[in-house]
Amino acid sequence: MNQDNGPKFAELVQEYVKQIPEGMVMTYGQIAALSGNAGAARIVGGLAHFGNPEFPWQRVVNKNGGLASGYPGGRKGHKKALEAEGVFVSEEYKVNIKELIWHPNQS
DNA sequence: CGAGTGACCGCAA
DNA sequence: ATTGCGGCCACTC
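Residues numbered from 1 in each chain as written. Chains lettered and ligands numbered in written order. Predicted model: local features only at pLDDT ≥ 70, side-chain atom pairs only at ≥ 80, totals over all residues. Heavy atoms only, no water.

A. Structural detail: the overall build of chain A. Counting its regular elements, chain A contains five helices and two strands. N-terminal to C-terminal, the α/β element order of chain A is α-β-α-α-β-α-α. In terms of C-alpha radius of gyration, chain A reaches 13 Å, essentially the compact-globule figure of 13 Å for 107 residues. Here the C-alpha coordinates of chain A stretch approximately 45 × 30 × 20 Å along the principal axes. (Helix = DSSP H or I, 4+ residues; strand = E, 2+ residues; numbered from the N terminus. Rg over C-alpha atoms; globule rule 2.2 N^0.38 Å.)

B. Up close: the pattern of salt bridges. In the structure shown here, the tally under the stated rule is four salt bridges. Arg59 serves as the salt-bridge partner of Glu22, at 3.8 Å between the closest nitrogen and oxygen. A residue pair is termed long-range when its members are at least 10 positions apart, and Glu22 in the loop between α1 (9–18) and β1 (26–27) and Arg59 in the loop between α3 (41–50) and β2 (60–61) qualify at 37 residues. Notably, a salt bridge pairs Glu83 with Lys79, separated by 3.6 Å at the nearest N-O pair. Of this pair, Glu83 and Lys79 both sit in helix α4 (residues 74–84), four residues apart, roughly one helical turn. (Salt bridge = Lys/Arg side-chain N within 4 Å of Asp/Glu carboxyl O.)

C. Examining the protein's contact with DNA strand C more closely. Looking at DNA strand C, the residues that line it are Lys8, Phe9, Ala10, Asn37, Gly39, Arg42, Ile43, Leu47 and Phe50. In DNA strand C, atoms within 4 Å of the protein come 50% from sugar and phosphate. Note that a base oxygen of DNA strand C is positioned 2.5 Å from one of the side-chain N or O atoms of Arg42. Where the surface near DNA strand C is concerned, the elements lending two or more residues are α1 and α3. Looking at the surface near DNA strand C, the element that brings in the most residues is α3, giving four residues. Of the residues that constitute the surface near DNA strand C, the class distribution is five nonpolar, two polar and two charged. (Near = heavy atom within 4 Å. Polar contact = N/O pair within 3.5 Å; in protein donor to acceptor, adjacent residues only side chain to side chain. Nonpolar A, V, L, I, M, F, W, Y, C, P; charged D, E, K, R; others polar.)

D. Representation of the layout of surface pockets within the structure. Quantified by volume, the largest pocket comes out at close to 310 Å³. In this structure, the largest pocket is lined by 17 residues; those nearest its centre are Ala48, His49, Trp57, Gly70 and Tyr71. Among the residues forming the lining of the largest pocket, the class breakdown is eleven nonpolar, five polar and one charged. (1 Å grid on protein atoms, 1.4 Å probe; cavity = no way out; pocket = protein on both sides within 12 Å on 5 of 7 lines; lining within 4 Å. Points joined across faces, edges and corners; volume = space filled by probe spheres on them.)

E. Highlighting the nonpolar core. Within the largest apolar cluster, 15 residues are counted, with the highest numbers of intra-cluster contacts made by Phe9, Val13, Val17, Ile31, Val44 and Val60. Among residues more than four places away in sequence, those in contact with Ile31 are Val13, Tyr16, Val17, Met26, Val44 and Val60. Counting residues in hydrophobic clusters, the runner-up holds ten residues, among them Val61, Val87, Val95 and Leu100. (Core = buried A, V, L, I, M, F, W, Y, C linked by side-chain atoms within 4.5 Å. Buried < 20%, exposed > 50% of the residue type's maximum accessible area, 1.4 Å probe, protein only. Contact = heavy atoms within 4.5 Å.)

Nothing here speaks to function; it is geometry throughout.
In structure tokens, the structure reads:
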């Protein structure tokens, strides 16, 4: 049964992802923690696959700064999507997470 | 309703 | 620095 009146994890995650500015990226763990479940980083990825396809999931990367494999087109498509937004992606399919990581608290 | 799954993370050799 | 394993929580079928 699902009579949760409060915000669902998926809703919060999608809200955060939707608010990620262009050219920036966030980690699954961070979004999960901000959503209230630090140990639910996997769920964030799972939601990405079943969530709204219009969401910028491409701006969501793992703690290593590496792109995901379930993205439509594989990491290749993911890399192209990020580069299309101005995000530099290395040949190893990794972004400069240290510089492109975005904190919701910081503008 | 029950069980399986997953675009992960952290720690340990 | 790399590799391997388990655990974690919510969503979907």
